[in-house]
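A closer look at the structure
Next come the chains, spelled out residue by residue.
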Amino acid sequence: LNLSTKVNADGSVDLTWSKYTGSSFQYYGIVRIDGNGTPTLKAGQTPKVYFDSQSKTSYTDDGTGDLGKLVPGNTYSYRVYSYTEAALGGVSGVMPACEVGTILAVSNVKTVTIPAA
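Bear in mind the structure is a predicted one, so any value in this text is a computation, not a measurement. (Residues numbered from 1 in each chain as written. Predicted model: local features only at pLDDT ≥ 70, side-chain atom pairs only at ≥ 80, totals over all residues. Heavy atoms only, no water.)

1. Topic: the side chain of Glu99
Locating Glu99 in the fold gives a position in the loop between strand E6 (75-84) and strand E7 (102-106). Buried charge without a salt bridge: Glu99, with Lys42 as the nearest opposite-charge side chain at an N-O distance of 14 Å. (Helix = DSSP H or I, 4+ residues; strand = E, 2+ residues; numbered from the N terminus. Buried < 20%, exposed > 50% of the residue type's maximum accessible area, 1.4 Å probe, protein only. Lys, Arg positive; Asp, Glu negative; His and termini not counted. Salt bridge = Lys/Arg side-chain N within 4 Å of Asp/Glu carboxyl O.)

2. Here's the deal with the nonpolar core
Core analysis: the biggest nonpolar cluster contains 19 residues, and Leu15, Trp17, Ile30, Tyr59 and Tyr78 have the highest contact counts within it. Of all the elements in the fold, those that place two or more residues in this core are strand E2 (13-17), strand E3 (27-34), strand E4 (49-51) and E6. Setting aside chain neighbours within four positions, we find Tyr59 in contact with Val13, Asp14, Leu15, Trp17, Ile30, Val49, Phe51 and Leu67. Tyr27, Val31, Leu41 and Tyr81 belong to the second-largest nonpolar core, a separate cluster that totals seven residues. (Core = buried A, V, L, I, M, F, W, Y, C linked by side-chain atoms within 4.5 Å. Contact = heavy atoms within 4.5 Å.)

3. Topic: the packing of aromatic side chains
In this structure the tally under the stated criterion is seven aromatic pairs. Geometrically, the ring pair formed by Phe25 and Tyr28 is tilted, given 4.8 Å between the ring centres and 55° between the ring planes. For Phe25, a relative accessible area of 15% translates into the label buried. In this structure Tyr28 comes out as buried when scored by relative accessible area, which is 0%. Members of the aromatic cluster, connected to one another through ring pairs, are Trp17, Tyr20, Phe25, Tyr28, Phe51 and Tyr59. Note that Arg32 overlies the ring of Tyr76, its terminal NZ or CZ placed 4.8 Å from the centroid. (Phe/Tyr/Trp six-rings, centres within 6.5 Å; stacked < 30°, edge-to-face > 60°. Lys NZ or Arg CZ within 6 Å of the ring centre and 35° of its normal.)

Put into structure tokens, the structure is as follows:
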């Protein structure tokens, strides 16, 4: 997954990623952290923002959604994951819908700074 970001004049962030083309796809999940670093999604977690369409390859973080507020002047790091609920290659019990069982692909990390007001 190749992730690109663009910070807009209104302080929102457009995220665009390449389509996952492998097998077993169920979801894309977006993870955002404050500051520089590596946003991490682990098995058993459910990302705050996820999509169940393989053709959904963009999202705008405007600071009003599930990822939380965007503060002018602050830096944020993003990463996109492709995952399935199934624990591939292992034994799995019944998992809640949208919970990560196996991560299939991981994007590069993109870090942006929201322009100060």
